[in-house]
Amino acid sequence: MALAFLSSPAAATGVGADAGAKQYAEHCAICHGAAAKGDGPLAELLIAPPPDLTGLSARNGGTFPEERVYRTIDGRADIRAHGTRAMPAWGSAFRAKAEEAADPSTGPVNPENVVTARILSLVRYLESIQE
Ligand code: HEC
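The model shown is predicted, which means the values in this text are computed figures rather than measured ones.

(A) Seen up close, the packing of helix H2 (residues 17–27) against helix H7 (residues 111–128). Orientation of H2 relative to H7, taken along the N-to-C sense of each, is 95 degrees, at an axis distance of 7 Å. By the criterion of interaxial angle, the relationship of H2 to H7 is roughly perpendicular. Along its contact with H2, which presents Ala-17, Ala-19, Gly-20, Ala-21, Gln-23, Tyr-24 and His-27, the element H7 presents Arg-118, Ser-121, Leu-122, Arg-124, Tyr-125, Leu-126 and Ser-128. For the contact of H2 with H7, the per-class residue count stands at seven nonpolar, five polar and two charged.

As structure tokens, then:
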């Protein structure tokens, strides 16, 4: 099943691959590597090696596994189901940041919308670098 909202107009603007590239460099390259090959500076210190993220489609029969990638980055459902894992749950981290940044004077903001947008931009970016 495809995530219908991934191809919405919003996905083409605010949550596109460019925003994702910036976030990737900031949060993910340290483990997965600048070129997403699994060779970031922290990689050798981890118990589980960070996978090469340019091969997600190749390892999935040529189709980009967008739902699985989204869920893996978010991480919250996985942790509830299976306990801790090697990668941080970015859904929790992004939510904490969004709550901290929320400005009540500009009206209510659902922090989950911010989390969704950030994860979607990362999914889009990863999709754009598949080999
Ligand atoms: C602390 C190191 C670390 C950081 C930082 C990190 N990852 Fe990971 N990542 C891992 C490890 C290790 C795995 C292997 C799965 C596991 O054991 O959790 C993984 C797995 C993944 C997978 C699943 C790959 C597959 O084959 O299904 C995706 C997608 C992913 N990471 C994306 C990201 C993104 C996007 C970011 C930044 C927001 C990020 N990772 C940041 C260590 C990291």
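(B) Here's a closer look at H2. The complete set of buried residues in H2 reads Gly-20, Gln-23 and Tyr-24. Seen from one end, H2 has its buried residues packed into an arc of 105 degrees, which puts them on one side. Counted as exposed and oriented over 90 degrees from the buried face of H2: Asp-18, Lys-22, Ala-25 and Glu-26.

(C) Summary view of the site of the ligand. Taken together, the neighbourhood of the ligand is formed by 21 residues, with Cys-28, Cys-31, His-32, Arg-68 and Met-87 sitting nearest. Side-chain polar atom of His-32 to a nitrogen atom of the ligand: 2.8 Å apart, as the coordinates give it. Those elements giving two or more residues to the shell around the ligand turn out to be helix H3 (29–32) and helix H4 (66–74). When residues of the shell around the ligand are assigned to their parent elements, the largest contribution, four residues, is made by H4. A breakdown of the residues in the shell around the ligand according to their chemical character gives 16 nonpolar, three polar and two charged.

Basis of the calculations
Residues numbered from 1 in each chain as written. Predicted model: local features only at pLDDT ≥ 70, side-chain atom pairs only at ≥ 80, totals over all residues. Heavy atoms only, no water. Axes fitted to C-alpha atoms, helices over the stretch in contact; angles between N-to-C directions. Helix = DSSP H or I, 4+ residues; strand = E, 2+ residues; numbered from the N terminus. Parallel < 35°, antiparallel > 145°, perpendicular 65-115°, else oblique. Contact = heavy atoms within 4.5 Å. Nonpolar A, V, L, I, M, F, W, Y, C, P; charged D, E, K, R; others polar. Buried < 20%, exposed > 50% of the residue type's maximum accessible area, 1.4 Å probe, protein only. Arc of directions from axis to C-beta. Near = heavy atom within 4 Å. Polar contact = N/O pair within 3.5 Å; in protein donor to acceptor, adjacent residues only side chain to side chain.

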